[in-house]
Amino acid sequence: MAKVKSVYICQNCGANSAKWIGKCPSCNEWNTYVEEVVEKGDPAKTSWRDTDQPTVKQKPVNVKEIEKGAERRLVTKDAELNRVLGGGIVAGSLVLIGGEPGIGKSTLMLQVALSSAKTKVLYVSGEESQQQIKMRADRIGVQSDNCFILSETSTQNIFGQIKEMSPQVLVIDSIQTLHTNRIESAAGSVSQVRECTSELMKFAKETNTPVFLVGHITKDGSIAGPKILEHMVDTVLHFEGDRHLTYRILRTVKNRFGSTSELGIYEMQESGLRQVSNPSEILISQRAEDLTGVAIGATIEGNRPLLIEIQSLVSSATYGTPQRSTTGFDSKRLNMLLAVLEKRGGLRFSAQDVFLNVAGGIRIEEPALDLAVCASLVSSYHDVAISEKVAFAAEVGLGGEIRAVNRIESRISEAEKLGFNEIYVSKYNVKGLDLKGRDIMIKPFGKLREVFEDLLA
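Because the structure is predicted, anything quoted here is derived from the model rather than measured.

1. Digging into the overall build of the chain
Scanning the chain for helices and strands turns up eleven helices and 23 strands. Burial statistics for the chain: of 457 residues in total, 48% are counted as buried. Summarising the internal contacts of the chain: among those between residues at least 6 apart in sequence, 67% fall at separations of at least 24. Total accessible area on the chain stands at roughly 22600 Å², and carbon and sulfur atoms take up 49% of it. When the 55 basic and 56 acidic side-chain charges of the chain are each reduced to a single mean position, those positions are 6 Å apart.

Here you go:
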């Protein structure tokens, strides 16, 4: 007879207590403890494996005797997803994808399932019926003979279907809707999410089947459920973007099989998500005439150089306190750059409203955009337009100095490929840099004031 007991579990961090307490000692959140009934079963038995099947005991092996094998990866037709995962889907990996409601997580996973023509994919949905998924598949417009849809929330029933059809890839949408009979708490609770993920992890590792988990997020942007959920999986991806804009970014937060600095860019269309192979051309708007307050910055996202358009508007403050508003850029860093411009550049922003926007609806936090932001602000302040063929790539220090940034050659090459004539960089970046034979003029500077004198000349 299994022992049944009731415990109080924090819904924010997963800590448990024998009695209810108001403030969680682990995460310091208030009123997050909820009573859950936990049933302790045999930990050696899982719902995906037959109960009468003997458990294979692993023996320790000397690290020198372990043979190094190449990673078996499944390369999908989605080049952006392959890049984010480090070159493809690793066999036996557990991938967690989180994002805002309606951002396109289910659409992305269904597109991957439909595009895998030679791979048998089981798409399990606990939120939508088979007819609803069929409607989305018809909208995407891709036909597949190896994509199977299952609307189910019980892990016991899911593993029963897995034993019958033996899929090569499993997609769970979403992990918060699943429940197992081993735990008596409600679906979506900390205990259910943790136990269901544990069962799926054992299934993935012991059968070498890659599993994708779609996860909900909380109001503060973190993935719902216990924090241990992100530690259990191999890869954590965040699908970001504004629902009211067309562009989406698939960003890597954790990856045991590749770099965590990669990202993929998509464009949401009526027929689904379209891969954006050259985002710089899309993120830079086509202007019919020169506009003030617009500057182009060269940034690096992952291993990919991007040209980003920075837009700013500086106007006289109508009220007593000037406004500072940013979209896609760190507001604290903007305040720092405004202080530098006022102290080192002699510009009076203390009586001006400042509005800053990163075009395309994406968020960039790299310091290499500092010079582009300053140039955009000065352009709007003096009402002087900057040529659309000029780019910037440098960090600005508190002393008004122009600091060097990494991978300057990649930034220059990207600007040169897109037809820019000039790029402003730090003079400390040009040491050892081949300046000959390029179609773009490289302008090195050491002080912020020197850059503005050259721009406004």
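2. Focus on unusual backbone geometry
Trans is the prevailing form of peptide bonds, just as negative phi is the prevailing case for residues other than glycine. Geometrically, the link from D173 to S174 is a cis peptide bond, its omega value of 0° lying close to zero. In this fold, S174 is placed in the loop between β9 (169-173) and α5 (190-207). Located in the positive-phi region is N31, a residue other than glycine, with phi close to 55°. Tracing the chain through its elements places N31 in the loop between β2 (16-17) and β3 (33-40). N31 gets classed as exposed once you look at its relative accessible area, which sits at 58%. Located in the positive-phi region is S166, a residue other than glycine, with phi close to 50°. Residue placement: S166 occurs in the loop between α4 (155-165) and β9.

3. Here we look at the confidence of the model for the chain
The predicted coordinates of low-pLDDT regions are not to be read in fine detail. Mean pLDDT over the chain: 87, with 93% of residues reaching 70 or higher. Ranking the elements of the chain by mean pLDDT puts β3 last, at 72, and strand β20 (residues 395-396) first, at 96.

4. Brief notes about the sheet that holds strand β16 (residues 304-316)
Across the sheet, seven strands lie side by side as β17-β18-β16-β15-β19-β22-β23; this open sheet has mixed pairing. This sheet does not close on itself; its edge strands, each paired only once, are β17 (324-327) and β23 (441-445). Adjacent strand axes in the sheet meet at a mean angle of 25° when their direction is disregarded. Here strand β15 (residues 294-301) pairs with strand β19 (residues 390-393) via two bridges, running parallel. By the bridge assignment for β19, I296 is matched with A391. Running at roughly 30° to β16, helix α9 (residues 370-382) makes contact with β15, β16, β18 (352-358), β19 and β22 (422-426) of the sheet.

5. Observations concerning α9
An α-helical segment advances 3.6 residues per turn. Residues three or four places apart therefore align on the same side. Helix length check: α9 (13 residues) gives 18 Å between terminal C-alpha atoms against 18 Å at 1.5 Å per residue, within 8%. Most of α9 is tucked away, with eleven of its 13 residues classed as buried. Among the residues of α9, those classed as buried are D370, L371, A372, V373, C374, A375, S376, L377, V378, S379 and S380.

6. So, the pattern of salt bridges
As enumerated under the stated definition, the model contains 20 salt bridges in all. The residue K134 makes a salt bridge to D138 at a minimum N-O spacing of 3.3 Å. Note that K134 and D138 are positioned in helix α3 (residues 130-140) at a spacing of four residues, about one turn of the helix. Using a relative accessible area of 44% as the deciding quantity, one classes D138 as partly exposed. In this structure, R363 engages E365 in a salt bridge whose closest nitrogen and oxygen atoms are separated by 3.4 Å. Using a relative accessible area of 39% as the deciding quantity, one classes R363 as partly exposed. The exposure class assigned to E365 is exposed, which follows from its relative accessible area of 58%.

7. A few points about the sheet that holds strand β8 (residues 147-151)
Reading across from one edge, β8-β7-β9-β10-β6-β11-β12-β13-β14 is the order of the nine strands in this open sheet, with mixed pairing throughout. In this open sheet, the two strands that pair with only one neighbour each are β8 and β14 (272-275). Taken pair by pair, the neighbouring strands of this sheet meet at an average axis angle of 25°, ignoring direction. Pairing geometry for strand β7 (residues 121-125) and β8, over five bridges, is parallel. For V124, the partnering residue across the bridge sits in β8 and is L150. Where α3 meets the sheet, it contacts β7 and β8, and its direction lies at approximately 145° from that of β8. The strands touched by α5 are β6 (94-99), β9 and β10 (211-215); relative to β10, the strand with the most contacts, the crossing angle is about 160°.

8. Some thoughts on the packing of α9 against helix α11 (residues 448-455)
Contact geometry of α9 with α11 gives a least axis separation of 11 Å together with a crossing angle of 50°. Here α9 is positioned oblique relative to α11, judged by the angle of their axes. For the pair α9 and α11, the sense of crossing is right-handed. Here L371, C374, A375 and V378 of α9 come into contact with α11, specifically with L448, V451, F452 and L455.

9. Focus on the side chain of T235
Topologically, T235 is positioned in strand β11 (residues 235-240). Of the polar contacts made by the side chain of T235, one reaches the side chain of N255; its length is 3.2 Å. Apart from residues lying up to four places away in sequence, T235 is in contact with L85, L94, V95, L96, K254, N255, R256 and F257.

What counts, and where the lines are drawn
One numbering rule holds for all chains: residues counted from 1, following each sequence as written. Local features in this predicted model are restricted to residues whose pLDDT is 70 or higher, and side-chain atom pairs enter the listing and the counts only when it is 80 or higher, whereas totals over whole chains, interfaces and linings include all residues. Side-chain metrics in this entry use all non-hydrogen atoms of the structure; hydrogen atoms and water are not considered. Helix and strand labels come from DSSP, where a helix needs a run of H or I of at least four residues and a strand needs a run of E of at least two; each type is numbered from the N terminus. Under the scheme applied here, a residue whose accessible area is under 20% of the maximum for its type counts as buried, over 50% as exposed, and between as partly exposed, the area being computed with a 1.4 Å probe on protein chains only. In what follows, a contact means two residues having at least one pair of non-hydrogen atoms within 4.5 Å. Here the Shrake-Rupley method, with its probe set to 1.4 Å, supplies the accessible areas, and only the displayed protein chains count as covering residues. For the purpose of charge, His is not counted, nor are the chain termini; Lys and Arg are scored as positive and Asp and Glu as negative. A single reference atom marks each charge: NZ on Lys, CZ on Arg, CG on Asp, CD on Glu. Each residue gets a pLDDT score, which is the predictor's confidence in that residue and runs from 0 to 100. When DSSP finds two or more bridges between two strands, those strands count as paired. Axis lines are fitted through C-alpha atoms, for helices just across the contact stretch, and the angle between N-to-C directions can take any value from 0 to 180 degrees. Residue count minus one, scaled by 1.5 Å, sets the expected span of a helix. One side-chain nitrogen of Lys or Arg within 4 Å of one carboxyl oxygen of Asp or Glu is enough to make a salt bridge. Under this scheme an angle from 65 to 115 degrees is roughly perpendicular, one under 35 degrees roughly parallel, and one over 145 degrees roughly antiparallel; angles in between are oblique. Should the near helix be turned anticlockwise from the far one by less than a right angle, the crossing is left-handed, and should it be turned clockwise, the crossing is right-handed. Here a polar contact means two N or O atoms within 3.5 Å. Within protein one must be a hydrogen donor candidate and the other an acceptor candidate, and residues neighboring in sequence count only if both atoms are side-chain atoms.

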